[in-house]
Amino acid sequence: MRLGVIGYGRRIRHMVAEMRRIDPDCRVVAINDLQNNDIKQELGEEAAEIVFYDSPEAMVQEAELHGILIGTRCSLHADLAIRVLPKGIPLFLEKPVATDEHALLRLKQKYEATGTEVVVSFPLRAAPLVTLVKEIIDSGKIGTVEHVQAVNNVPYGGVYYHHWYRDEKETGGLFLQKATHDFDYINYLLGMRPTLICAMTSKQVFKGNKPAGLKCVDCDERHACPDSTVNIRRLPHETPAGEYCCFAVDTGNEDAGSALIRYETGMHVSYSQNFFARGKAGSRGARLLGYKGTLEFDFYTNAVKVYMHHSPVVETYEMTEEAGHFGGDAVLARNFIAVMKGEAKSIAPMEAGLLSALMCLRARESALTNAFLPIGWPEDPERSNT
């Protein structure tokens, strides 16, 4: 499998490694990156087998690829996908698929016009834990899901204030950065259409009067500040924390956000995310309540509990394996290989990426305008005016 990469960063390198572990025949033969020369030097002898291109168009035209992976900064995802989709080459696209509504609509139109198979980087919906939860829900054990309480208390949230992620022009805000995953797995588990959303954000912690552009290493409080990157211990699975002060006047991004989402049956979901929880306070998962029972799961404990409402029974399921993104990365990698070979369809399709991004954009707009907003596309009056 000949892979072409646009944006050869940390995330895509990890996914390529997963693919090579599953199928050693997968290899990167083409790269288009703003730092082509630096990557050549870094790869050393490995670079001899790779052709470096100055544009995505040249790469897809000349490289004879079986698959393309886009892993640039978020604001470029949609535009680059639009430029390569017409070639019909299977695409692995990082989330969020777009960071503004204009780009999202353009991407939707191009995707629908080309029909190219796309695997969106949604590892949570692919995680074995979520697969188990889906099986239990679909079995009817807890009855029809009539309410969901979902949470994401991020224990490594400093990355969104120390690193390039602090630039909201690149990220589009933290609904698009984090909630896009959670909104997607919720949609997947429910199998229902979201129709209405309202949201609120706050910035109570990661703000301050330190000068713009200040780096932790240059700060007088670098040894005392608990969020100084000089002191923070970096865990193996964490994104590098970055170097900038998270209490400076130019620190972007909210540090907490919540949303209420109505679905087509009338039921609703409450969702809340937080970026200053730390250590064991970290949690990510949901409670799904039906008439017969309540199911709860947490990605960090890798466990599921089912509480039956009409009998004194609690069922507990514990997953035995842990891996990148709770095992979801390996599942996505295996699926993308099968898609490239023509043996399977995407398990994280573009439709899911488009809907999740739309929900995040509506949540961001709602937080800014204090309004309940419909979730729908312009060409669908019934949905857009729900």
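Further up the page is the structure itself.
The rules behind these values
Counting from 1, residues in each chain are numbered in the order their sequence is written. Owing to the predicted nature of the model, reporting of local features is limited to residues with pLDDT of at least 70; listing and counting of side-chain atom pairs is limited to 80 or more, with chain, interface and lining totals taken over all residues. The side-chain figures draw on all heavy atoms in the structure; neither hydrogens nor water molecules are used. Lines fitted to the C-alpha atoms define the axes, with helices restricted to the stretch that makes contact. Angles between their N-to-C directions range from 0 to 180 degrees. Helix numbers and strand numbers start at the N terminus; a helix is a DSSP run of H or I with at least 4 residues, a strand a run of E with at least 2. Should an angle fall under 35 degrees it is called roughly parallel, over 145 degrees roughly antiparallel, and 65 to 115 degrees roughly perpendicular, with every other angle called oblique. Left-handed describes a crossing whose near helix is turned anticlockwise from the far helix by less than a right angle; the clockwise case is right-handed. When checking whether two residues touch, look at their non-hydrogen atoms; a contact exists if any pair is within 4.5 Å. Only Asp, Glu, Lys and Arg are considered charged, only Ala, Val, Leu, Ile, Met, Phe, Trp, Tyr, Cys and Pro nonpolar, and every remaining residue, Gly among them, polar. The rule for pairing is simple: two strands pair if DSSP sees at least two bridges between them. Salt bridge, as used here: a side-chain nitrogen of Lys or Arg that lies within 4 Å of a carboxyl oxygen of Asp or Glu. Residue burial is assigned from relative accessible area. The probe radius is 1.4 Å, only protein chains are included, and a residue is buried under 20% of its type maximum, exposed over 50%, and partly exposed in between.

Peer 1: Where do I start with the packing of helix H1 (residues 10-22) against helix H11 (residues 328-340) in this structure?
Peer 2: When two helices pack together, their arrangement is given by the angle between the helix axes and by the axis-to-axis distance. Where H1 contacts H11, the axes come no closer than 9 Å and their chain directions differ by 70 degrees. In terms of orientation, H1 and H11 fall into the roughly perpendicular class. Judged by the twist between their axes, the crossing of H1 over H11 is right-handed. Facing Arg11, His14, Met15, Glu18, Met19, Arg21 and Ile22 of H1, the residues of H11 in contact are Asp329, Ala330, Leu332, Ala333, Arg334, Phe336 and Ile337. Along the lines of polarity and charge, the residues of the contact of H1 with H11 split into eight nonpolar, one polar and five charged.

Peer 1: Would you take a moment to explain the sheet that holds strand S1 (residues 2-6) for this structure?
Peer 2: Picture the strands of a sheet paired through backbone hydrogen bonds; they go either parallel or antiparallel. Here we have six strands laid out as an open sheet, ordered S3-S2-S1-S4-S5-S6, and parallel in their pairing. This sheet does not close on itself; its edge strands, each paired only once, are strand S3 (51-53) and strand S6 (118-120). For this sheet, the mean angle separating the axes of adjacent strands, direction not counted, is 20 degrees. Judged from the four bridges that link them, S1 and strand S4 (residues 67-70) form a sheet pairing that is parallel. Across the sheet, the residue bridging to glycine 4 is isoleucine 68, located in S4. Sitting on the sheet, helix H4 (residues 77-84) is in contact with S1, S4 and strand S5 (91-93), with an inclination near 165 degrees to S4. Along the sheet, H11 makes contact with S1, S4, S5 and S6, crossing S6 at roughly 175 degrees.

Peer 1: Honestly, the pattern of salt bridges in this entry has me stumped. Any pointers?
Peer 2: Side chains carrying opposite charge are able to pair once their charged atoms draw close together. As enumerated under the stated definition, the model contains 21 salt bridges in all. As a salt-bridge pair, arginine 11 and glutamate 94 come within 2.8 Å of each other at their nearest N and O atoms. Here glutamate 94 lies in the loop between S5 and helix H5 (101-114) and arginine 11 lies in helix H1, a separation of 83 residues in the sequence. For glutamate 94, a relative accessible area of 7% translates into the label buried. Taking the shortest distance from any N to any O, the salt bridge between glutamate 112 and lysine 108 comes out at 2.9 Å. Here glutamate 112 and its partner lysine 108 are both found in helix H5, four residues apart, which amounts to about one turn of the helix. Overall, lysine 108 belongs to the buried group, its relative accessible area being 8%. The structure contains a network of salt bridges with shared partners spanning Glu57, Asp79, Arg83 and Arg106.

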